[in-house]
There are 2 protein chains.
Amino acid sequence: MAESVGVVKPQFHTLKEDFFFESGRVVSSITIAYETYGTLNEEKDNAILVCHALTGSAHAAGFNREDEQKPGWWDPMIGPGKAFDTDKYFVICSNFLGSCYGTTGPSSVDPQTKKRYGLKFPVVTVRDMVKLQKKLVDHLKIEKLYCVAGGSMGGMQALEWGATFPYATKSILHIAASAAITPMAIAFNAIAKVAIMKDPNWRGGDYYDDVMPIDGLAIARMAGHITYMSDESFHDKFGRRYATFEGIYDFKGLFEVENYLKYNGYKFTEYFDANTYLYVLKAMDIYDLSYGRNSLKDSLRLITPKTLFITFSSDFLFPPYQTEELVNLMKEIGHDPEWVNIESSYGHDAFLLEADTQTDIIKNFLASI
Amino acid sequence: MAESVGVVKPQFHTLKEDFFFESGRVVSSITIAYETYGTLNEEKDNAILVCHALTGSAHAAGFNREDEQKPGWWDPMIGPGKAFDTDKYFVICSNFLGSCYGTTGPSSVDPQTKKRYGLKFPVVTVRDMVKLQKKLVDHLKIEKLYCVAGGSMGGMQALEWGATFPYATKSILHIAASAAITPMAIAFNAIAKVAIMKDPNWRGGDYYDDVMPIDGLAIARMAGHITYMSDESFHDKFGRRYATFEGIYDFKGLFEVENYLKYNGYKFTEYFDANTYLYVLKAMDIYDLSYGRNSLKDSLRLITPKTLFITFSSDFLFPPYQTEELVNLMKEIGHDPEWVNIESSYGHDAFLLEADTQTDIIKNFLASI
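Residues numbered from 1 in each chain as written. Chains lettered and ligands numbered in written order. Predicted model: local features only at pLDDT ≥ 70, side-chain atom pairs only at ≥ 80, totals over all residues. Heavy atoms only, no water.

Got a sec to walk through the overall build of chain A? Specific residues and values, please.
The helix and strand tally for chain A stands at eleven helices and twelve strands. For 369 residues, the compact-globule formula gives about 21 Å, and the C-alpha radius of gyration of chain A, at 20 Å, lands near that figure. Expressed as a percentage of its 369 residues, the buried residues of chain A come to 63%. By sequence separation, contacts in chain A at least 24 residues apart represent 73% of the contacts at least 6 residues apart. Taken as a whole, chain A presents about 14,200 Å² of accessible surface, with 49% of it coming from carbon and sulfur. The average position of the 36 basic charges and that of the 47 acidic charges among the side chains of chain A differ by 6 Å. (Helix = DSSP H or I, 4+ residues; strand = E, 2+ residues; numbered from the N terminus. Rg over C-alpha atoms; globule rule 2.2 N^0.38 Å. Buried < 20%, exposed > 50% of the residue type's maximum accessible area, 1.4 Å probe, protein only. Contact = heavy atoms within 4.5 Å. Areas by Shrake-Rupley, 256 points an atom, 1.4 Å probe, with all protein chains shown as cover. Lys, Arg positive; Asp, Glu negative; His and termini not counted. Charge placed at Lys NZ, Arg CZ, Asp CG, Glu CD.)

Just give me the short version of helix 3 (residues 183-197) of chain A, but keep the residues and values in it.
Note on helix geometry: an α-helix contains 3.6 residues per turn, so any two residues three or four positions apart are oriented the same way. Between its first and last C-alpha, helix 3 of chain A extends 21 Å over 15 residues, near the 21 Å set by a 1.5 Å rise per residue. Summarising burial for helix 3 of chain A: 14 of the 15 residues are buried, a large majority. (Expected span 1.5 Å × (residues − 1).)

Before we move on, could you go through unusual backbone geometry and cite the residues and values that matter?
Not every positive phi belongs to a glycine, and Asn294 of chain A is a case in point at roughly 75°. Within the element layout of this structure, Asn294 of chain A appears in the loop between helix 7 (274-286) and helix 8 (296-302). Residue Asn294 of chain A is classed as exposed on the basis of its relative accessible area, which comes to 68%. For Lys114 of chain B, which is not glycine, the phi dihedral falls at a positive 60°. Tracing the chain through its elements places Lys114 of chain B in the loop between strand 8 (90-94) and helix 1 (126-139).

Explain the nonpolar core to me, using residue names and the numbers behind them.
Membership of the largest hydrophobic core comes to 194 residues, with the highest contact counts inside it found for Ile92, Trp161 and Tyr277 of chain A together with Ile92, Trp161 and Tyr277 of chain B. What Tyr277 of chain B contacts, discounting residues up to four positions off in sequence, is Leu54, Thr55, Ala192, Ile196, Leu217, Ala220, Arg221, Tyr228, Phe268 and Phe272 of chain B. (Core = buried A, V, L, I, M, F, W, Y, C linked by side-chain atoms within 4.5 Å.)

Describe the pairing of strand 5 (residues 47-51) of chain A, with residues and values.
Residues and elements named next belong to chain A. Taken across its five residues, strand 5 has five buried, putting it largely inside the fold. Relative to strand 8 (residues 90-94), strand 5 is paired through four bridges, and the arrangement is parallel. Paired with Val50 across the bridge in strand 8 is Cys93. The sheet contact formed by strand 5 and strand 9 (residues 147-151) spans four bridges and is parallel. Of the residues in strand 9, the one forming a bridge with Cys51 is Gly150. (Pairing = 2+ DSSP bridges.)

Can you explain the interface of chain A and chain B? Please cite residues and give values.
How big an interface is tends to be stated in terms of accessible area lost as the parts join. With 58 residues of chain A in contact, the opposing surface of chain B contributes 58 residues. Roughly 5,100 Å² is buried in total at the junction of chain A and chain B, and carbon and sulfur atoms are behind 73% of that figure. Inspection of the region where chain A meets chain B yields two salt bridges. Between Lys193 of chain A and Glu258 of chain B there is a salt bridge whose closest N-O contact spans 2.5 Å. On the surface where chain A and chain B come into contact, there are 20 residue pairs in polar contact (both at pLDDT 80 or more). Looking at the side of chain A that touches chain B, the elements with two or more residues in it are helix 3, helix 4 (214-228), helix 5 (231-237), helix 6 (256-268) and helix 7 of chain A. Ranked by residue count, the leading element in the side of chain A that touches chain B is helix 3 of chain A, at eleven residues. Of the residues belonging to the side of chain A that touches chain B, the class tally is 38 nonpolar, seven polar and 13 charged. (Buried area = accessible area lost by both parts, 1.4 Å probe. Salt bridge = Lys/Arg side-chain N within 4 Å of Asp/Glu carboxyl O. Polar contact = N/O pair within 3.5 Å; in protein donor to acceptor, adjacent residues only side chain to side chain. Nonpolar A, V, L, I, M, F, W, Y, C, P; charged D, E, K, R; others polar.)

Outline the packing of helix 4 (residues 214-228) of chain B against helix 6 (residues 256-268) of chain B, listing residues and values.
When two helices pack together, their arrangement is given by the angle between the helix axes and the distance between those axes. All names here are of chain B. The interhelical angle for the contact between helix 4 and helix 6, taken along N-to-C directions, is 125°, at an axis separation of 8 Å. Relative to helix 6, helix 4 is oriented oblique. The chirality of how helix 4 crosses helix 6 is right-handed. Here Ile214, Asp215, Leu217, Ala218, Arg221, Met222, His225 and Ile226 of helix 4 lie close against helix 6, whose contacting residues are Tyr260, Leu261, Lys262, Asn264, Gly265, Tyr266 and Phe268. Class assignment for the residues of the contact of helix 4 with helix 6 results in nine nonpolar, three polar and three charged. (Axes fitted to C-alpha atoms, helices over the stretch in contact; angles between N-to-C directions. Parallel < 35°, antiparallel > 145°, perpendicular 65-115°, else oblique. Left-handed = near helix turned anticlockwise from the far one by under 90°.)

Tell me about the relation of the copies chain A and chain B, and name the residues and values.
The transformation that overlays chain A on chain B combines an axial shift of 0.0 Å with a rotation of 180°, and the residual RMSD is 0.0 Å. Here the two chains are linked by the operation of a two-fold rotation axis. Interface residue correspondence from chain A to chain B reaches 100%, placing this contact among same-surface, isologous pairings. (Least-squares fit on C-alpha atoms with pLDDT ≥ 70 in both.)

Would you mind going over the confidence of the model for chain A in detail, with residue names and values included?
With 99% of its residues at a pLDDT of 70 or more, chain A has an overall mean of 97. The ipTM value of the predicted complex is 0.95, and its pTM value is 0.97. (pLDDT = per-residue confidence, 0-100.)

Residue-level account of the domain arrangement of chain A, with values.
All names here are of chain A. Entries for chain A in the domain assignment read domain 1 (11-180 + 287-367) and domain 2 (185-283). On a C-alpha basis, the centres of domain 1 and domain 2 stand 25 Å from each other. Contact residues are listed per partner, giving 30 residues for domain 1 and 27 residues for domain 2. Area buried by domain 1 at its contact with domain 2 is led by Leu54, Leu119 and Phe316, which between them contribute 24% of it. Where domain 1 packs against domain 2, one counts zero salt bridges. Remark: the boundary between domain 1 and domain 2 carries eight residue pairs in polar contact (both at pLDDT 80 or more). Its residues assigned to classes, the side of domain 1 that touches domain 2 shows 17 nonpolar, ten polar and three charged. (Domains from an automatic or database assignment.)

Mind laying out the sheet that holds strand 4 (residues 31-37) of chain A, listing which residues take part and the relevant values?
Residues and elements named next belong to chain A. Ordered by their spatial adjacency, eight strands build an open sheet running 1-4-8-5-9-10-11-12, and the pairing between neighbours is mixed. In this open sheet, the two strands that pair with only one neighbour each are strand 1 (11-14) and strand 12 (338-342). Direction aside, neighbouring strands of the sheet carry axes that sit 20° apart on average. The pairing of strand 10 (residues 171-175) with strand 11 (residues 306-312) spans five bridges and is parallel. The residue of strand 11 that forms the bridge with Leu173 is Leu308. Against the sheet, helix 1 (residues 126-139) engages strand 1, strand 4, strand 5 and strand 8, with an angle of about 60° to strand 4.

Break down the packing of helix 3 (residues 183-197) of chain B against helix 4 of chain B for me, with residues and values.
Residues and elements named next belong to chain B. As a packed pair, helix 3 and helix 4 sit with axes 7 Å apart at the nearest point and diverge in direction by 170°. Classified by the interaxial angle, the pair formed by helix 3 and helix 4 is roughly antiparallel. Side by side, helix 3 and helix 4 meet where Phe188, Ile191, Ala192, Ala195 and Ile196 of the first sit next to Gly216, Leu217, Ile219, Ala220, Ala223, Ile226 and Thr227 of the second. The class makeup of the residues in the contact of helix 3 with helix 4 is ten nonpolar, two polar and no charged.

Below, the structure is given as structure tokens:
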């Protein structure tokens, strides 16, 4: 078992300047929450920016308190000797714009009105997230990152970095992601959105002085949860085992898989905000690398940093064929992307669970830059 | 374009005897709604029982009124010269037990209390459905069916016929179905169940004097809808086209796929009952051919009628590998099942949409009996 980065304190940076959203809207006093692991060298050329997924946070590795039970979300990948080796690299992870873990978003208090933004917050895009990350990197006085890496929606951010700030990073590591989600993924998110917005406690997004739309958010999470797994991982984890003592003729009896999804759906409502979930789903839905860039091929021409793509065979949320298309297009325009498709039964969750299979691939890629 | 069976009147048969459910519970005065197409010959040996899917009805072909806009659910397959050729065969389709299209179910009025059963109705199983169908076949004085056929949950009923009443049918036609649904399919149904039961208008199932839990039922249908399609059919049908005039930075803006799912979800609430949906999902979840039959292999030993299995390559609700397992097991025990896997991008819906590709396969199978 590799070492942990230990106890890490979250840090915050508040912009002095107004922040312009892709939509044209403007918000002042945006705060960005972040954590760092390892040491920035004197040349400031060993920094890796790690981007989190839909409901992730800046807490990617180690523990925020001595007695914290669970380490950060990518702990098996970030630390001494790990894929992102903190003996070599200075790893930065920030909570993305619009989230609810310290960076400004719909659940934050608007300093002007002293009330939570709610739906008054502008629609956030992946490009907005990336532009705020660049402001943090500037604040840390890092001119050029060694790598921008991420899985799932984090991978989308990494890809977008490559197109928006190609001069500001040596490489892009894009894991279990794509240049735009599939219509089927949008369909899953549609269930989530309707479930939240039809919960009577949602109250048009103005629920902060009252109870949250807990049922809607739990159902939303259940729909998401299915997309993180695979037919095979559902078989392996649950099979058709029945959970309820009363048996199959009991109207309210449950299979283990139902119990698990429900439990995790409601658990999620203890640490995530419903409006925020709508905002991050929206950002995921509307992200398209090619928007305003003429074509996907032309968008890829912008991505001059070295690139590694990793996919997982059973991932149906970000199916490997999407990456194959990107890689083929990049080759057509004379770029030299690397792509590894890892055989895994874990579905989309593999980017979190398959630390062992990813480690050497990532280490070799980072060493080659 | 083949001919229609024309205008067909629904028929009803009410049991004189009590009906014993698999759960041990007893209900009296069960009514079964059914339609027939074609003519029963004098020998009464040309009858085919067609079983409907989750939310289907007895109305499988033709029109119930001269001015009806849409024909029955399997109209392209049932009629003169069609797969189930009504010039040759007498086709029967009945609404299954627990549904809400004329056969007794949770939304029916209990003749004893004069109130709707609601959750007082016993949990219904596929075996219960099949046993009620047998009572109808007895009522029609048919000793041996020519075939029992069905797609999706209708295929499960056909398979169960083969094991429960092997002496009462010459053949079984099992389309886009399996001996038990996957844990992933149960997970989709779990979303539906939670969405309905957490809708405040559900009121513990006692909503008949008030509004229905429309939002919950619409969300439930949306989750189901995803499983009827495929990654490819979502691409083909919708792509990433945006539906809303206001554009992508509009918080409530929608992609076409979202619009479509929502529209159909709410449309569904105009013709289906929420409690009934919970009951039929439950029946789908708990069906397992092997329950109480020692093993799946032993269950298949019971199925002595001739069998044809049809699957569709992109069906992820009833993946072809499930049928492959059944077919291999049947061969191991010396049976001679036929199996055709049709290449289709339509996903599970293919059993309704792929009439052309199925027709010759089914015609040849029926001719061979």
